[in-house]
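So you can see what is in the structure, the chains are spelled out below.
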Amino acid sequence: MLVVTTEKIEGYKIVEVKGPAFGLIVRSRGIGGDIMAGLKSLVGEEIKQYTAMLEDSRKEAMDRMIKNANEMGANAIIMMRYDSGEIGTNMSEIVAYGTAVIVEKI
C-alpha cells in the first residue's frame, strides 16, 4: 500500500477515489507513568515512556487506516495525516486518515 502526504504520487495516476480511510486508537496512561511523568516534568526531561507510547499508537493507527483502505479495495492512500487529542485526564486518541484511491503506474 502506497501512503503519501501529498495530493499526487509521482509516476502514478489516480484512476478511482474510494473515499476517506481512517484508523483510530485510544490509549490510557498508567498511574505509574503519570507519577514518573510528573517527576520528570519538574526537571524538564523527555518522558520516554510517553514518547514510546505515542510512537506505537501512531504506527497502530496507520496500520488500521491501511487495513480500512484495503477493505475498500484501494491500493494507495493520498493526503495522509495524523490528528490527536485527549480524552479525560489520562487517555490519548490518535487518528490516521487520508483518501483511499486506486492508482496505476504511468
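To be clear, the structure that these remarks concern was listed above.
Throughout what follows, the structure given in this document is the object of discussion. (Residues numbered from 1 in each chain as written. Predicted model: local features only at pLDDT ≥ 70, side-chain atom pairs only at ≥ 80, totals over all residues. Heavy atoms only, no water.)

Side note on the overall build of the protein
Here is step 1: Looking only at helices and strands, the protein features two helices and four strands.
Here is step 2: Ordered by position from N to C terminus, the α and β elements of the protein give β-β-α-α-β-β.
Here is step 3: In the protein, buried positions account for 28% of the 106 residues.
Here is step 4: By sequence separation, contacts in the protein at least 24 residues apart represent 75% of the contacts at least 6 residues apart.
Here is step 5: Total accessible area on the protein stands at roughly 6,800 Å², and carbon and sulfur atoms take up 55% of it. (Helix = DSSP H or I, 4+ residues; strand = E, 2+ residues; numbered from the N terminus. Buried < 20%, exposed > 50% of the residue type's maximum accessible area, 1.4 Å probe, protein only. Contact = heavy atoms within 4.5 Å. Areas by Shrake-Rupley, 256 points an atom, 1.4 Å probe, with all protein chains shown as cover.)

What to know about the sheet that holds strand S4 (residues 91–105)
Here is step 1: Taken together, four strands build an open sheet; the order of strands is S1-S3-S4-S2 and the sheet is mixed. At either margin of the open sheet sits one strand with a lone partner, and together these are strand S1 (2–3) and strand S2 (12–28).
Here is step 2: In the sheet, S1 pairs with strand S3 (residues 76–87) via two bridges, with the strands oriented parallel. By the bridge assignment for S3, Leu 2 is matched with Ala 76. (Pairing = 2+ DSSP bridges.)

Some points on a nonpolar patch on the surface
Here is step 1: Judged by side-chain polarity, Phe 22, Leu 24, Val 26, Ile 87 and Tyr 97 come together as a nonpolar surface patch covering roughly 430 Å² of accessible area.
Here is step 2: Of the residues forming the nonpolar patch, the biggest block, three residues, is contributed by S2.
Here is step 3: Take Leu 24: it is sitting in strand S2.
Here is step 4: For Leu 24, a relative accessible area of 38% puts it in the partly exposed group. (Patch = residues over 30% accessible without salt bridge, like charges linked within 9 Å, V, L, I, M, F, W, Y side chains within 5 Å. Salt bridge = Lys/Arg side-chain N within 4 Å of Asp/Glu carboxyl O.)

Quick look at the side chain of Ser 57
Here is step 1: Position of Ser 57 among the secondary structure elements: in helix H2 (residues 48–71).
Here is step 2: Excluding residues that lie within four positions of it along the chain, Ser 57 makes contacts with Ile 25, Arg 27 and Ile 94.

Brief notes about the pattern of salt bridges
Here is step 1: On inspection of all chains with the given rule, the structure shows four salt bridges.
Here is step 2: For Lys 18, the salt bridge is made with Glu 16, and the minimal N-O distance between the two is 3.2 Å.
Here is step 3: Note on Lys 18: relative accessible area 32%, which makes it partly exposed.
Here is step 4: Accessibility expressed as a relative area gives 36% for Glu 16, which makes it partly exposed.
Here is step 5: For Glu 60, the salt bridge goes to Arg 64, with nearest N and O atoms at 3.0 Å. Separated by four residues within a single helix, Glu 60 and Arg 64 lie in helix H2, roughly one turn from each other.
Here is step 6: Glu 60 sits in the partly exposed class, given a relative accessible area of 28%.

Some details on the environment of Val 15
Here is step 1: Among the structural elements, Val 15 can be located in strand S2.
Here is step 2: The class for Val 15 is partly exposed, based on a relative accessible area of 39%.
Here is step 3: Distance from Val 15 to Val 101, taken between C-alpha atoms, is 7.6 Å for residues 86 residues apart in sequence.
Here is step 4: When neighbours within four sequence positions are excluded, Val 15 is seen to be in contact with Ile 102 and Glu 104.

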